[in-house]
Each structure stands twice: as C-alpha cells, then as structure tokens.
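Residues per chain, in single letters:
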Amino acid sequence: MNESSYLDELLASRATGSRRAIEPCTVVIFGASGDLTARKLIPALYHLALEKALPTPYRIIGFARREKTDDSFRAELLEALTKFSRTKPVNQAVWQSFAANLHYCQADISEAAGYERLKQLINSASEEKLKTNLLFYLATNPSQFGEIAGNLSQVGLLEKCEAGGCMQRLVVEKPFGHDLPSAQQLNAELIRHAHENQIFRIDHYLGKETVQNILTFRFSNGIFENLWTRDSVDHVQITVAEKLGVGSRGGYYEESGAMRDMIQNHVLQVLSLVAMEPPVSLEAEAVRDEKVKLLKSVRPMTPADIARNVVRGQYFAGEVDGEARPAYRSEPKVSPKSNVETFVAIKLWIDNWRWSGVPFYVRTGKNLPVSASEVRVQFKPAPNILYGAKSDIHLDPNSLTLRLQPNEGIALRFNGKVPGGGTKLQPVRMQFSYDTEFGAYTPEAYERLLLEAIAGDATLFIRRDEVETAWSIVDSIRNAWTDKPLTNREFYLAGTWGPTASDDLLATEGREWKHPQPQK
Ligand code: BG6
C-alpha cells in the first residue's frame, strides 16, 4: 500500500472524534439520602468540578424524603466526601463553589406537590438553560423508576422527544428489573414518558477505564485482532472475583444472587466487549448494535446443558486473608435455609462465525481468595514436536490477560529459553501496566458515566434490547434452578475458588482456571 492510499484508509474512519458540547445543566438526584449518592455520585461530581469538567453553570439538586435544609444537606455531603473521596484532602475552595450549587428538595417520591416544589426550585435558576437541560438520576429502588418518570412528566419537567429535540435525560441504576418480564415492563413504563435515547441505563463496569480499553486494544491494533478468532483461540476465561462477602447487603442479595447481581450485567458486558465484531463506527448505536448481536449469539441452553455447563455455589464459613467469614446463611437478613448462589461459573458457547467451537468460561463469586477481574484469552498450543518432545514437557500455551482491576494492565505470556546449556523452556511475561505507563490515574467509573450522560453520549450505557437480551440468558439458567435446593457439593469454603465442580467444568476438557494473582 503506498502512503497516500494508507492515508485514505485512515480518513475513511467514520468516528467523528468530536464530542457533543457539554451544555449547562441541572442534575437532579432521586434517592439523595442514600448510600450511592454519598459514596459515589457526589464524590464523582466533586471530582468533575475539581477537574473543571462540569458545564458552566451547573446545579445539583438532591430529592429525598428526609427533612433537610440546603445547609444540612451540604454538611452531610461534605462529611461523606471527606470519607469517600478518592483524592484527599478535599479541596476547600473547590468544595465551597461546588456546595454553592447544591440544593435540596424534600419530598416523597409519590407526592405530586413535591414535584411542583422541584419545578419551582429548578425554575429559580438565573440561567435559562438550567431550567430546560435536566438530568434526572434515579438512584432509588427500581420499583419507583416508573412512578418518578410519570410524575416528572406530569409537571412538565420530562418531555418525550426524539434525538436532539431536548435535553431531558433519565439515568437509571441497576438492577434494571429482576427478570425479562419485569425489565420489559420497566422499559414499557419509562418509554411512556421518555424516548429510548433519553434513557441512560447504568452498568458501572462500562465506566471503568480498563473495560473501555478492551475495544481500543482490540480495534486499534493490527496484530491481536487477527488472532482473535476460533483459528487461534483455544478458549477464553472471564473472572470477576471478590474477596468480600455480602456483609450488610444480605436483604438485597437474597433477591438477587450472583446471576442477577453480576452475570446479567457486568460479566455479560465484559463478554460482549471481548467477543463482539468491530462496529462500523464508534458512535453509540454502532457499538451497541454489535454488543446486542453478540449477546444474541450466546447459545441458549437446555436444562441438560445447564446441569452440565453451569456451576452454582454458596459460601459457608471460612477465612479470607486470615479473617474469619461467616457462612452466607448466617449473614444478617439472610434466610438460614437460603438457596441463593454467591458463586457462578458458566461455560458458554457463542454461535457465530468467529467463535464457533470456542468455549467461554465465565465465573464470579463472593468471599473468593482475591478481588480481581480479568479476561484471559488462551491461545491454541504450538505443535509439541520440537521443544516439547526434546525437553519432555507440555508447552505452555500462549495467553493474553487483560487485567481489568486491580494492577490494571495487559500481560502476554509466551515461552522463553532459560539461559544456559540445554533447551529448558520457561513461560515468561511481557507486561503493560497502566500505572507505570500513565501514572496513577484512577478516575472512578461514575465520573466518566456522569459526564457522558451530561454530554448525551449513550455509548457507555445499556440499550433496551441489550438489557432484555441479557435477562433472557440469565433467566433460562435461573429457571432451571427453581425448586432445586443446593446440594452439599454446591457449597464452598469462604476463601476458596468456589465448589470443586467449577474446576471440573474445565478439567474434564483438559483445561484449568488460571486464577488472578493476589495484589502485591
Ligand atoms: C455491584 C454489585 O454492581 O458491583 C456488587 O451489586 C459488587 O455486589 C460490585 O460488589 C462490584 O463492583 P466493583 O467495581 O467493585 O468490581
């Protein structure tokens, strides 16, 4: 290819590269007295202010039931920020100007008059755009999403409009439903009051730098993408492991379990980014089209497949890092007879041209030995006829590991010759580490997601068909567990890698899980 045709090809990129302008806006947080607001949303908005990334001007209004004044709301949030901010100490000058933009609206979610008060507060802004550019962040119980949208629309704060028509957006937290019918119903309720392009469904994994880098890594490098097919890949492992147990979240977890809490969203999102086809551009719909296509290619499982290819587990008392952990059934707000899964491992097949015949093993769990999320692409081994035969060993197959968290980075594993006489081989690693390369830059996922929602870019949010497809995958597995209490083999000691059946899932095929290494 001569140089000019090479440049032509570069210019053929359909990504505009331009970001939508960030306009002045009012962010209204429903559920403003909750944990998410204190731990994540306010620290994220504060950091955006610190980095001068927020529009000028902006306003933030907390909407919640508890009696508070603007000042007591601000004081409470400062206390939380001091505790949860990722940078310390809190910059007093930035906080002062941030706090001046913070307001509180006391009301019950179902109280019509409360929405009138909210409207008045919004309309008290001096800048016109702050009255019409509205981002409603629903950090409440999902059962209230529809009611909030309805009430907002009733008082004229939320108007259903096509792309570009207005800037009124709803950001909704997970869980988005608890199964396919409830997600469909929730979608139907929201769609009554807002157009799909006004709805931003959150999965905080998509705001993680390393998760976003999966696409950059795959589609901006020539060498790896060529290997990313059934011709070269033996299998893929996706691990999202947590050292924590359910702790104080027993009540929530009893209703969710690992399938709904982690597989339906975070794990399937990572899977779709790792396995999807290249999108025609980096525009939101192009990327989301490919993700949905991938999820639709996941092979549906029969009950017999599920019995063979899905392992569920629940932790019983054990130790993590030398610290005693109670059994799940003894956690607060958990039934002593609970059959809820705290661990899942699944062997999935993706029935498309690229991945036909390549198993994807995914697993997630609580009270595991390390907290780490990574994707390991295990390549097919080299023929064993030269070095293998000579040194009487099985050659280590090459692998590429995307470490999503912690120790964010990428490692390529290959065989090297041990210096000295003979032909002794040893697997060695080529490493890329985010910290070493770019310095310790660790913005919270919520910072990125809030900014994208303010900018109106939906790439990092979940589309309606995406959330529904993910539920149908999860539902088919969960339905097969109905009326099947856990058996003894399905329990695992806290601090171990799940039930032994999880290892068997791979061992029966001569494979093994490669566990993420503990953080140094
Ligand atoms: C949440 C789940 O969505 O993700 C939690 O509800 C889980 O149970 C958390 O602990 C994990 O997120 P992260 O960012 O710590 O990997």
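Source: prediction; values computed, not measured.

Criteria and cut-off values
Residues numbered from 1 in each chain as written. Predicted model: local features only at pLDDT ≥ 70, side-chain atom pairs only at ≥ 80, totals over all residues. Heavy atoms only, no water. Pairing = 2+ DSSP bridges. Helix = DSSP H or I, 4+ residues; strand = E, 2+ residues; numbered from the N terminus. Axes fitted to C-alpha atoms, helices over the stretch in contact; angles between N-to-C directions. Contact = heavy atoms within 4.5 Å. Expected span 1.5 Å × (residues − 1). Buried < 20%, exposed > 50% of the residue type's maximum accessible area, 1.4 Å probe, protein only. Parallel < 35°, antiparallel > 145°, perpendicular 65-115°, else oblique. Left-handed = near helix turned anticlockwise from the far one by under 90°. Nonpolar A, V, L, I, M, F, W, Y, C, P; charged D, E, K, R; others polar. Phe/Tyr/Trp six-rings, centres within 6.5 Å; stacked < 30°, edge-to-face > 60°. Lys NZ or Arg CZ within 6 Å of the ring centre and 35° of its normal.

1. Examining the sheet that holds strand S4 (residues 134–138)
One open sheet accounts for 6 strands, arranged S3-S2-S1-S4-S5-S6; its pairing is parallel. Two strands in the sheet have a free side with no partner beyond their single neighbour: strand S3 (102–106) and strand S6 (199–201). The mean angle between the axes of side-by-side strands here comes to 20°, regardless of whether they run parallel or antiparallel. In the sheet, S4 pairs with strand S5 (residues 168–172) via 5 bridges, with the strands oriented parallel. By the bridge assignment for S5, Phe-136 is matched with Leu-170. Where helix H3 (residues 70–84) meets the sheet, it contacts strand S2 (58–64) and S3, and its direction lies at approximately 115° from that of S3.

2. Describing helix H12 (residues 284–297)
The end-to-end C-alpha distance of H12, which contains 14 residues, comes to 20 Å, matching closely the 20 Å that a straight helix rising 1.5 Å per residue would cover. Across the 14 residues of H12, 10 count as buried, placing the element largely inside the fold. Of all the residues in H12, the buried ones are Ala-284, Ala-286, Val-287, Arg-288, Glu-290, Lys-291, Val-292, Leu-294, Leu-295 and Ser-297. In the core, the buried residues of H12 are packed alongside helix H9 (209–219), helix H11 (250–275), strand S11 (343–349) and helix H17 (464–481).

3. Remarks on the packing of helix H2 (residues 35–50) against helix H4 (residues 92–100)
As a packed pair, H2 and H4 sit with axes 10 Å apart at the nearest point and diverge in direction by 115°. With respect to H4, the axis of H2 lies roughly perpendicular. Where H2 crosses over H4, the handedness of that crossing is right-handed. Facing Ile-42, Leu-45, Tyr-46, Ala-49 and Leu-50 of H2, the residues of H4 in contact are Val-94, Trp-95 and Phe-98. Taken together, the residues that form the contact of H2 with H4 break down as 8 nonpolar, no polar and no charged.

4. Concerning the packing of aromatic side chains
The tally for this structure, following the rule as stated, stands at 20 aromatic pairs. With a centroid separation of 6.2 Å and an interplanar angle of 20°, the aromatic rings of Phe-30 and Tyr-115 are classed as stacked. You can see Phe-30 sitting in strand S1 (residues 25–30) and its partner Tyr-115 sitting in helix H5 (residues 112–123), a full 85 residues away along the chain. The exposure class of Phe-30 is buried, given its relative accessible area of 0%. Between Trp-95 and Phe-98, the aromatic rings sit 5.7 Å apart at their centres with planes inclined by 45°, giving tilted as the arrangement. Residue Trp-95 and its partner Phe-98 are located together in helix H4, separated by 3 residues, close to a single helical turn. Each member of the pair, Trp-95 as well as Phe-98, is classed as buried. Aromatic ring contacts, followed pair by pair, group Tyr-253, Tyr-315, Tyr-328, Phe-343 and Tyr-492 into a single cluster. Between the NZ or CZ atom of Arg-201 and the centre of the ring of Phe-176, over which it lies, the distance is 5.0 Å.

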